[in-house]
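A look at the structure
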Amino acid sequence: MYRYDQYDQAMVDARVAEFRDQVERRLSGAMTEDQFKPLRLMNGLYLQLHAYMLRVAIPYGTLSSTQMRALADIARKYDKGYAHFTTRQNVQYNWIQLKETPDLLADLARVEMHAIQTSGNCIRNISSDQFAGVAGDEVIDPRPHAELLRQWSSFHPEFSFLPRKFKIAVIASDADRAAMRLHDIGIRIVRRDGVLGAQVFAGGGMGRTPMIAPEIRDFVPEDQMVSYCEAILRVYNRHGRRDNKYKARIKILVHETGADKFREEVEAEFAHMQPLDLDPPRAELARIKAFFAPPEYAAIEDGYDTSDPDFRIWAETNLFPHKQPGYAAATISLKPVGGIPGDASAEQMDIVADLAARYSMDEVRVTHAQNLVLPNVRQDRLYALWQELDAAGLAPANLDRASDIIACPGLDYCSLANARSIPIAQEVAKRLAPIEREVGALQIKMSGCINACGHHHAGHIGVLGVDKKGVESYQLLLGGSAAEDVSLAKITGPGFDERGIVDAIETVTSVYRDAREGDERFLDTYRRLGMAPFKEALYDKA
Amino acid sequence: MSSWPRYRDDAAANEPAVTLDAFLDQPEAVAVRIEPDADVRVLVPHLSRLKLIEIAFPAYRDGRGYSAARILREAGYTGELRAEGDVLLDQIAFMRRCGFDSFAPAVPLDAKAAEAAMARWPHAYQRAADAQPPIWALRHG
C-alpha cells in the first residue's frame, strides 16, 4: 500500500487547516453560503435534503485495516453509525454537521486520507480495478500509475475550475472491472514491445448523454502519461462547453469536435508540452511501485474443503481467482436482500477491518459495484473467514447476481433525485433472490434521476426513475455493459409505476430463462435476440 | 488602472488595455485585455512589445484564464500578467502558479487574508508556470 511521506502529509494537513479557516469564516458570517459553496465542494461537502453529506476519497479503492477502522470511527463519531460506499470506490457520510467537518478531516488526515477533490469541477478521485495486484490477467498492478495521477491532479492550479467534473479510471488488463470506457479519461496500462505505457481513451461517461470513450492514443510510454493527460485536460479546459452545464463534460466536446480532430488538438498540445519537463522522472514511478510490491505469500497449493453446502455456494459466487497459487480474492457483498446497496454499519466496518488484518494481509478494496473485497485470502482459511462473515451478516452469496444491485441514494437522500431508487432495488432483490442462482450473471443498475449515478445505462438491466407529472415513474433499459464488452442500454418503451417496474424486471428475466441457449448470460441472450421478444412480453399483453 | 496585490518590481503599465481586435490593429499598443473565449496563442508573435496582458474572469467558475496564463508564460512572455474580475481569495495561489503576477479583483481582497492564502501551500505536486519545484523533484533531487 502507498504510504504518505512528509510532502504528502504536509499537503493534506494544509488542506485541513485551510478548510478549518473557511468553516470559521462561514460560521461567523464573514462569508455567505454563496461564497462558501465552491470551497466546501472542493472538500467533498454537499448540502443534501436533510444534512450535509461528506464524500471521502478512497484512491483506487484500496484501504488498510487502520483506515477502515478510522472510517468506522468517523461513522460513529460524526454520523449516525453508517457509511455508504459509492460507485466511484469512495465512501459517503450522510448526516454531517458543518461545524464538525474540520475535526473529521483532521481525523482522516491522521490515517493518510482526505476528501480533496471529491466534488466540484475538478479532477476527481482516480478509480481502478478492485482486483489490481492480485488478478492473473493484468499486465502489471495499475495502482502505481493511478497514484502518480492522484498526485499530479491534486491541487492542480490550471485544472481546478474545469467546465465540469472530471473522472479518470486506470486498469491494466483486457477485462474491464472498473467501467474504464465510461470515464472522462480511461487508461489501460499495456506492454508493447517490452515497454509499459498507457492506451488512452477519452470522452466516455454516463449522465444524461451516455457515451463510450473512443481511443485517443494507442500507446503513450508510461513516463509521458502525465503530460499526455495534461494535454487532454488543457484542450478540455480551453474548449469544453461552458454555456450549458448539461453539455459541459468532455464527452460532449469529443463528440461535437469528432474524435479525430480532438486527437489532433491533444497531440499538438502534447508536442508543445514535451520541452516543459512536466513528467515525473522514472525514479518517482519506481518509488511508488515499491509500495505496491507483492506481499510475502506462503508457498501453498490451490484447494479447499467445500463440504459445507452454504459455504460452497458463497465460494462459487463470491471468489475471484488470485494470481498466487493457494490464495483467493473474496468479495464481501454489501447487498443483503432488503438492505441498502453499499451501506455498511460502523460495526460491520470494524469487523471487515479486523478480518482484513487477520485474513487478507491488512488490505481491503472497494468495488465500483459498491461491494468490498479481501484481496489476499489463503484458500485454506476461506471457510473460517466465511463463518465469521456469515455471523456478521456479511456473507450474501450474490456477487454479479440479480440481488447485487447498484443503486444511487435516490429521493430518500439526494436533492437532485426525481424518484426513489433504494426501495425499488430492495423490492427487485426480494423478488429475484429466490431464482438468482438459476438466472446467473445479471447486473441490475438503478438511478433515481437522469444524472445516472446508479449507472443505469451500463446495466444488463437498467432502471431510471423519472418524475412524470408529480408521480414517480420508472423506465426500463436493457443491454448495457460497463465491462470490456461495453455497451449502452436501450429503453424498452413506456415507463412503469413502482410495482409495475418490479413485475417488468421479472418479466424480462423470464423471457431470458425461456430463450437462453447454453450458458448464455442475460446480456448475451438480449444481444442475440434483440429488443423485440422482451418488448412483446412487456407491452403486448392485451 | 492599478492592481493589487502585485508581485512585480517594475512600474505598472500606464497604457489602457485594449481589446484583442484593437491590439492586433494597433502596432503601437502595449497592453491588451483577453476575454475567456479568446485564443491567446494569436498573441505569441507580439509578446515582445507587450507590457501588460489582462485576463478577464467575468465569473470565478470560468477557468479558461488559467490555461491562457500558462500558455503565455510557456511562450516566453515576461511582462505583467493580470487577473481581473471575479478573482477570489481562495484562487490567487493557483493563479500565481499559472503565471499571474498581478490581480485586479472586482471586490478588493483583505490584505492579511491574501497573505495567508498565498502562504497556505507548503509544496506543489506538479510543475506549472512558477519557479516552485514539484514534490517529485524534491524527492529525487
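The rules behind the values
Residues numbered from 1 in each chain as written. Chains lettered and ligands numbered in written order. Predicted model: local features only at pLDDT ≥ 70, side-chain atom pairs only at ≥ 80, totals over all residues. Heavy atoms only, no water. Helix = DSSP H or I, 4+ residues; strand = E, 2+ residues; numbered from the N terminus. Rg over C-alpha atoms; globule rule 2.2 N^0.38 Å. Buried < 20%, exposed > 50% of the residue type's maximum accessible area, 1.4 Å probe, protein only. Contact = heavy atoms within 4.5 Å. Areas by Shrake-Rupley, 256 points an atom, 1.4 Å probe, with all protein chains shown as cover. Lys, Arg positive; Asp, Glu negative; His and termini not counted. Charge placed at Lys NZ, Arg CZ, Asp CG, Glu CD. Domains from an automatic or database assignment. Buried area = accessible area lost by both parts, 1.4 Å probe. Salt bridge = Lys/Arg side-chain N within 4 Å of Asp/Glu carboxyl O. Polar contact = N/O pair within 3.5 Å; in protein donor to acceptor, adjacent residues only side chain to side chain. Nonpolar A, V, L, I, M, F, W, Y, C, P; charged D, E, K, R; others polar. Pairing = 2+ DSSP bridges. Axes fitted to C-alpha atoms, helices over the stretch in contact; angles between N-to-C directions.

As named in an unreviewed UniProt entry, chain B is DUF934 domain-containing protein, taken from Pacificimonas pallii.

As annotated in an unreviewed UniProt entry, chain A carries the name Nitrite/sulfite reductase and comes from Pacificimonas pallii.

**Topic: the overall build of chain A**
Tallying secondary structure elements over chain A gives 17 helices and 20 strands in all. A compact globule built from 542 residues should have a C-alpha radius of gyration of about 24 Å, and chain A, at 23 Å, falls within 12% of that. The principal-axis extent of the C-alpha atoms belonging to chain A is close to 65 × 60 × 55 Å. Expressed as a percentage of its 542 residues, the buried residues of chain A come to 62%. Counted over contacts in chain A with a minimum sequence separation of 6, partners at least 24 positions apart contribute 68%. Of the accessible surface of chain A, which amounts to about 19,600 Å², a share of 50% is contributed by carbon and sulfur atoms. Of note, chain A has its 65 positive side-chain charges centred 5 Å away from the centre of its 76 negative side-chain charges.

**Here's the deal with the overall build of chain B**
Looking only at helices and strands, chain B has five helices and five strands in total. Traced from its N-terminal end to its C-terminal end, chain B shows the element sequence β-α-β-β-α-β-α-β-α-α. Computed over C-alpha atoms, the radius of gyration of chain B comes to 15 Å, within 12% of the 14 Å expected from 2.2 N^0.38 for 141 residues, which places it in the range of a compact globule. C-alpha extents for chain B along the principal axes are approximately 50 × 35 × 30 Å.

**Let's talk about the domain arrangement of chain A**
All names here are of chain A. Along its sequence, chain A is organised into domain 1 (6–110), domain 2 (134–289), domain 3 (309–391) and domain 4 (406–539). Contacts between the two partners involve 21 residues from domain 1 and, on the opposite side, 24 residues from domain 3. The junction of domain 1 with domain 3 conceals about 1,900 Å² of combined surface from both sides, 56% of it contributed by carbon and sulfur atoms. Of all residues in domain 1, the largest losses of buried area upon contact with domain 3 belong to S65, M68 and F85, amounting jointly to 30% of the total for that side. There are two salt bridges connecting domain 1 and domain 3. The residue R76 makes a salt bridge to E347 at a minimum N-O spacing of 3.9 Å. Counting every contact that joins domain 1 to domain 3 gives 13 residue pairs in polar contact (both at pLDDT 80 or more). Elements with a contribution of two residues or more to the side of domain 1 that touches domain 3: β3 (62–64), α3 (65–78) and β4 (82–85). Looking at which element gives the most residues to the side of domain 1 that touches domain 3, the answer is α3, with seven residues. For the side of domain 1 that touches domain 3, the class distribution of residues is 10 nonpolar, nine polar and two charged.

**Quick word on the pattern of salt bridges**
Opposite charge on two side chains allows them to pair when their charged atoms are near. Within the structure shown, the criterion is met by 76 salt bridges over all chains. Note that R234(A) and E269(A) form a salt bridge whose closest N and O atoms lie 3.2 Å from each other. Here R234(A), found in helix α6 (residues 225–239), pairs with E269(A), found in helix α8 (residues 259–273); they are 35 residues apart in sequence, far enough to count as distant. Just as R234(A) is buried, E269(A) falls in that class too. One salt bridge connects R527(A) with D485(A), and the closest N-O pair in it is separated by 3.0 Å. Of this pair, R527(A) sits in helix α16 (residues 522–529) while D485(A) sits in the loop between β19 (471–478) and β20 (490–491), and the two are 42 residues apart along the sequence. Of the residues examined, D485(A) reaches a relative accessible area of 24% and is grouped as partly exposed. When salt bridges that share partners are traced, they join R6(B), R8(B), D10(B), R33(B), E35(B), E54(B), R73(B), E80(B), R82(B), E84(B) and D101(B) into one network.

**Considering the sheet that holds strand β7 (residues 168–171) of chain A**
Note on sheets: strands pair through backbone hydrogen bonds, and any given pair is parallel or antiparallel. Residues and elements named next belong to chain A. A sheet is described by the order of its strands in space; here five strands give the open sequence β6-β7-β8-β9-β10, paired in mixed fashion. Bordering the open sheet on either side are β6 (127–128) and β10 (215–221), each of which pairs with just one other strand. Sheet contacts for α6: β8 (185–192), β9 (195–202) and β10; angle to β8, the most-contacted strand, approximately 150 degrees.

**Let's talk about the sheet that holds strand β1 (residues 45–47) of chain A**
Residues and elements named next belong to chain A. Ordered by their spatial adjacency, five strands build an open sheet running β1-β2-β5-β4-β13, and the pairing between neighbours is antiparallel. Each of the sheet's edge strands pairs with one partner strand only, and the pair in question is β1 and β13 (343–345). Each strand axis lies, on average, 30 degrees off the axis of its neighbour in the sheet, ignoring direction. Relative to β13, β4 is paired through three bridges, and the arrangement is antiparallel. Looking at β13, one finds that Y82 is bridged to S345. Across the sheet, helix α2 (residues 33–41) touches β1 and β2 (52–56), and the angle it forms with β1 is around 135 degrees. Sheet contacts for α3: β2, β4 and β5 (91–96); angle to β5, the most-contacted strand, approximately 15 degrees.

**Notes on the side chain of S227(A)**
Residues and elements named next belong to chain A. By the secondary structure assignment, S227 is in helix α6. Relative accessible area serves as the criterion here: at 1%, S227 is assigned to the buried category. Polar contacts involving the side chain of S227 include one to the main-chain carbonyl oxygen of Q224, which spans 3.2 Å. Among the polar contacts made by the side chain of S227, one reaches the side chain of Q274 at a distance of 3.2 Å. Sequence-distant contacts of S227, that is, excluding residues within four places in its chain, are made with F270, M273, Q274, L278 and D279.

**Points about the pairing of strand β17 (residues 444–447) of chain A**
Within a regular strand, the side chains alternate between the two sheet faces. Residues and elements named next belong to chain A. Side chains I444 and M446 project from β17 onto one buried face, and the interleaved K445 and S447 project onto a second face that is buried too. As judged from the two bridges shared by strand β16 (residues 406–407) and β17, these two strands associate in the parallel manner. Paired with I406 across the strands is K445, a residue of β17. Of the pairings in the sheet, the one linking β17 to strand β18 (residues 461–468) comprises four bridges and is parallel in character. In the strand pairing of β18, S447 is matched with L464.

**Here we look at the environment of D243(A)**
Residue and element names in this part refer to chain A. Positionally, D243 belongs in the loop between α6 and α7 (250–257). Along the sequence, D243 and P163 sit 80 residues apart, while their C-alpha atoms lie 9.1 Å from each other. Within the structure, D243 has its side chain in polar contact with the side chain of R241 (distance 2.9 Å).

**Some remarks on the interface of chain B and chain A**
Across the boundary between the two partners, chain B contributes 33 residues, which contact 43 residues of chain A. Together, the buried faces of chain B and chain A total about 3,600 Å²; carbon and sulfur atoms form 58% of this surface. The tally of links between chain B and chain A comes to 12 salt bridges. For R41(B), the salt bridge identified is with E269(A), shortest N-O distance 2.7 Å. Summed over the shared surface of chain B and chain A, the result is 23 residue pairs in polar contact (both at pLDDT 80 or more). Only α2 (64–74), α3 (92–97) and α5 (135–140) of chain B provide two or more residues apiece to the side of chain B that touches chain A. Examining the composition of the side of chain B that touches chain A, we find that six residues originate from one element, α2(B), more than from any other. Of the residues in the side of chain B that touches chain A, the class split is 15 nonpolar, six polar and 12 charged.

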